[in-house]
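Remarks on the overall topology
Take a look at the letters that make up each chain.
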Amino acid sequence: QVQLVESGGNLVQPGGSLRLSCAASINIFSIKALGWYRQAPGKERELVARITSDGSTNYADSVKGRFTISRDNAKNTVYLQMNSLKPEDTAVYYCNIVDKWNSGYWGQGTQVTVSS
């Protein structure tokens, strides 16, 4: 069973930064795509950022220019660097992977709260 362990969520003031990490118990080269999603109270889960095995990335319009997704192949870890955070970024952030057999896995989520 693949496990994803997220960390890095916290309370931060508007304009601040956080870096989320997601460590996967699977060789990163078996992964077709890694993504970060978020779910705010009363809202549906939405894609924030995604990176594929060939390094292609895509971002939600609301985070373009502020968030950066990256990966460390040696550590089987994917990161989400979040800058210029806004109150509307407040949500539970989830890591997701799709392996090369098209099976999907979710992390347990990490809370990000942006508030003064």
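Residues numbered from 1 in each chain as written. Predicted model: local features only at pLDDT ≥ 70, side-chain atom pairs only at ≥ 80, totals over all residues. Heavy atoms only, no water.

**Let's talk about the overall build of the chain**
For clarity, the threshold we go by: The secondary structure listing takes helices from DSSP runs of H or I that are at least 4 residues long and strands from runs of E that are at least 2 residues long, numbered from the N terminus. Only C-alpha atoms enter the radius of gyration; for comparison, a globular chain is expected to reach 2.2 Å times N to the power 0.38, where N is the number of residues. The classification of residues rests on relative accessible area computed with a 1.4 Å probe and restricted to protein chains. Under 20% of the type maximum is buried, over 50% is exposed, and intermediate values are partly exposed.
On a plain count of helices and strands, the chain comes out with zero helices and 11 strands. From first element to last, N terminus to C terminus, the chain shows the α and β order β-β-β-β-β-β-β-β-β-β-β. Its C-alpha radius of gyration of 13 Å places the chain within 12% of the 13 Å reference for a compact globule of 116 residues. With the C-alpha coordinates of the chain rotated into their principal frame, the extents come out at 40 × 25 × 25 Å. Residue burial in the chain is summarised as follows: out of 116 residues, 43% are buried.

**With respect to the packing of aromatic side chains**
Which entries qualify depends on this criterion: Two aromatic rings, drawn from Phe, Tyr or Trp (for Trp, its six-membered ring), form a pair once their centres lie within 6.5 Å of each other, and the interplanar angle then sorts them: stacked below 30 degrees, edge-to-face above 60, tilted otherwise.
For the structure on display, the rule yields two aromatic pairs. When the ring of Y37 is compared with that of W106, the centres are 5.0 Å apart and the planes differ by 65 degrees; the resulting orientation is edge-to-face. Taken together, the residues span a long stretch of sequence, with Y37 in strand β4 (residues 31–39) and W106 in strand β10 (residues 104–106) at a distance of 69 residues. A residue is classified by how much of its surface remains accessible, and W106, at 42% relative accessible area, is partly exposed.

**A closer look at the state of the cysteines**
Just so we agree on the cut-off: Only a pair of cysteine sulfur atoms within 2.5 Å counts as a disulfide in this structure description.
Scanning the model with the defined rule gives one disulfide in all. A sulfur-sulfur distance of 2.1 Å marks the disulfide that ties C22 to C95. Taking the sign of the S-S torsion, -80 degrees for the link of C22 and C95, the bridge is left-handed. Linking C22 in strand β3 (residues 18–24) with C95 in strand β9 (residues 91–99), this pair joins segments that are 73 residues apart in sequence. Judged on exposure class, the residue C22 and its partner C95 are both buried.

**Some words on the pattern of salt bridges**
Stated precisely, the cut-off is as follows: Here, a salt bridge means any side-chain nitrogen of Lys or Arg that lies within 4 Å of a carboxyl oxygen of Asp or Glu.
According to the stated counting rule, one finds four salt bridges in the structure shown. Between E46 and R38 there is a salt bridge, with its nearest N and O atoms 2.7 Å apart. When its relative accessible area of 6% is taken as the criterion, R38 is described as buried. Between K64 and D61 there is a salt bridge, with the nearest N and O atoms lying 3.1 Å from each other. One continuous salt-bridge network, built from bridges that share partners, spans R38, E46, R66 and D89.

Shape descriptors only; they carry no functional weight alone.
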